[in-house]
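Chain residues, written in single-letter form:
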Amino acid sequence: MQPAVSIIIPAYNVENYISATLESVKRQTYKNIEVIVVNDGSKDSTSEVAKRVLSNSDFAWIVIDQENQGVSVARNVGLSEASGEYVLFLDGDDIVSDSFIEKMYEKAKESNCDIVFCKYAMALQEARGLTILHTYDDFFSHSVHRRFEKCTSGQEVLRETTKHNIWIWTGSAIYRRAFLADEKLSFVPGRWVGEDIEFIFKALFKAKRVASVSEVLVFYIQREGSTVNSQGREWEKMLAVKEVFDCLERFFEGERIDKKTKKLLRNYSRVHIWYHVKNVYDRRKIEDEKVFDEFYAYAKWFKPIGGPQQRLFLFVERILISLFPGKVALKVISFLRRAKRLVKETL
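Residues numbered from 1 in each chain as written. Predicted model: local features only at pLDDT ≥ 70, side-chain atom pairs only at ≥ 80, totals over all residues. Heavy atoms only, no water.

Participant: Quick question: what am I supposed to make of the overall build of the protein chain here?
Facilitator: For the protein chain, the count of helices and strands is 13 helices and 9 strands. Computed over C-alpha atoms, the radius of gyration of the protein chain comes to 20 Å, within 12% of the 20 Å expected from 2.2 N^0.38 for 347 residues, which places it in the range of a compact globule. Taken along the three principal axes of its C-alpha coordinates, the protein chain extends 65 × 45 × 40 Å. Counting every position in the protein chain, which comprises 347 residues, the buried fraction comes to 54%. Summing over all exposed atoms, the protein chain offers an accessible surface of approximately 16500 Å²; the carbon and sulfur share of this is 52%. Charged side chains of the protein chain number 53 positive and 48 negative; the gap between the two group centres comes to 7 Å. (Helix = DSSP H or I, 4+ residues; strand = E, 2+ residues; numbered from the N terminus. Rg over C-alpha atoms; globule rule 2.2 N^0.38 Å. Buried < 20%, exposed > 50% of the residue type's maximum accessible area, 1.4 Å probe, protein only. Areas by Shrake-Rupley, 256 points an atom, 1.4 Å probe, with all protein chains shown as cover. Lys, Arg positive; Asp, Glu negative; His and termini not counted. Charge placed at Lys NZ, Arg CZ, Asp CG, Glu CD.)

The structure is reproduced here in structure tokens:
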């Protein structure tokens, strides 16, 4: 019997985390699944831990060992091995709720969806269990998310995503495998930052039918040492993210995209790159003044998006940009950000 969902898990040096991830998968109330772990050249015992935890599973599973090629290639390898009707991309430290597959697959089948997405929470994995840091509704619109419980087009979901009213994270969506194959959608090899944005935006644009489940069903575990959270690589991350958005712009130029969506995508690009520009400046990681000035000149024309708090902060920053020239504005913004963090820590 064909698995309903193939769960693809790229794993690199996560021997201390992957056990919890796989145990959460084993607790699924819906059992018609297969698990594909792609051990991406780990230097620790990730592969051995995965095989041990999965050894007594009541579903099909495989652990693929390969030389390190990066998360995008690892996901693509898993996708090429998958046989499920739908696929889910987890990381080796994510945690899914017991009913994740049951509720997501049920929604996919009842609405005949190409993509189904749910809410997620950011959490710490501690000895006593999960500690929730932020929930989905802390940042995004519950009402907009609920609106998509009724099936809609992927492009409508994409527009709300670029407004930051909703967000789809890698582990918070399942995709019809045939849809990905038909549209030739996969992760771009070599991407280590922003590969999820590029994949998800392309998938949403191509999807005819998308729906949501308005529950937190998966947990995005925050930990030091992960690729995205790595410190000291702010300059590289800024360049990598700009390359992602440049590629997305080229992709959409070849598609029939309306002017409104194109404008929203360009603004989202500016907001996202603005975030990295601030981080580079804050941590004194400017490696090329000319390149940095080009990034600043591009990003500074953003329009505020997101929830009330995010919009307020971005609105204030836009005012400061208009009042102070160049890096003077960044200096003031950097001071205000440090002051905000200090107040938060004091409280």
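Participant: I'm lost on helix α11 (residues 289–299) in this one. Help?
Facilitator: Those residues of α11 that fall on the buried side of the exposure criterion are F292, F295, Y296, Y298 and A299. Projected onto a plane normal to the axis of α11, the buried residues spread over an arc of 165 degrees and lie on a single side. (Arc of directions from axis to C-beta.)

Participant: Explain the state of the cysteines here, please?
Facilitator: Between two cysteines, a covalent bond joining their sulfur atoms is known as a disulfide. This structure, assessed with the given rule, holds 0 disulfides. The cysteine C113 is free of any disulfide, with C151 supplying the nearest cysteine sulfur at 3.8 Å. (Disulfide = S-S within 2.5 Å.)

Participant: Honestly, the nonpolar core in this entry has me stumped. Any pointers?
Facilitator: One broad rule of soluble globular proteins: the nonpolar side chains tend to lie buried together. Residues I7, V35, V37, F100, Y175 and W274 are the most contacted members of the largest nonpolar core, which totals 105 residues. For this core, the element with the highest residue contribution is helix α9 (residues 234–253), accounting for 9 residues. Dropping the residues within four chain positions of it, W274 is found in contact with Y296, A299, K300, F302, L314, E317, I321, L330 and I333. Counting 5 residues, the second-largest nonpolar core is a separate cluster that includes I95, A121, A123 and I221. (Core = buried A, V, L, I, M, F, W, Y, C linked by side-chain atoms within 4.5 Å. Contact = heavy atoms within 4.5 Å.)

Participant: Please clarify how the pattern of salt bridges should be interpreted in this entry.
Facilitator: Between side chains of opposite charge, a pair can form as their charged atoms come close. Counted according to the given criterion, the structure contains 28 salt bridges. The residue E85 makes a salt bridge to K109 at a minimum N-O spacing of 2.9 Å. Here E85, found in the loop between α3 (71–81) and β4 (86–89), pairs with K109, found in helix α4 (residues 100–111); they are 24 residues apart in sequence, far enough to count as distant. Looking at K109, the relative accessible area reads 46%, which means it is partly exposed. The residue E317 makes a salt bridge to K278 at a minimum N-O spacing of 3.1 Å. (Salt bridge = Lys/Arg side-chain N within 4 Å of Asp/Glu carboxyl O.)

Participant: Quick question: what am I supposed to make of the pairing of strand β2 (residues 33–40) here?
Facilitator: Here is the key point about a regular strand: its side chains alternate between the two faces of the sheet. Burial analysis of β2 places 8 of its 8 residues in the buried class, the great majority of the element. On β2, burial covers both faces: I33, V35, V37 and N39 on one face and E34, I36, V38 and D40 on the other are all buried. In this structure, strand β1 (residues 5–11) lies alongside β2, joined through 7 bridges in parallel fashion. Its bridge partner lying in β2, A11 is registered against N39. Read as a crossover between parallel neighbours, the route from β1 over helix α1 (residues 18–26) to β2 is right-handed. (Pairing = 2+ DSSP bridges. Right-handed = clockwise from strand over helix to strand, strands pointing away.)

Participant: Whenever I open this one, the packing of α1 against helix α2 (residues 46–54) confuses me. Can you help?
Facilitator: Axis angle and axis distance: for two packed helices, these are the angle between their axes and the distance between the axes, and together they describe the pair. Relative to each other, α1 and α2 sit at 25 degrees, their axes nearing to 9 Å. It follows from the interaxial angle that α1 and α2 lie roughly parallel. For the crossing formed where α1 meets α2, the hand is right-handed. For the pair α1 and α2, the contacting residues are I18, S19, L22, E23 and K26 in the first and T46, V49, A50, V53 and L54 in the second. When its residues are assigned to classes, the contact of α1 with α2 shows 6 nonpolar, 2 polar and 2 charged. (Axes fitted to C-alpha atoms, helices over the stretch in contact; angles between N-to-C directions. Parallel < 35°, antiparallel > 145°, perpendicular 65-115°, else oblique. Left-handed = near helix turned anticlockwise from the far one by under 90°. Nonpolar A, V, L, I, M, F, W, Y, C, P; charged D, E, K, R; others polar.)

Everything listed here is a matter of geometry and, on its own, says nothing about what the molecule does.
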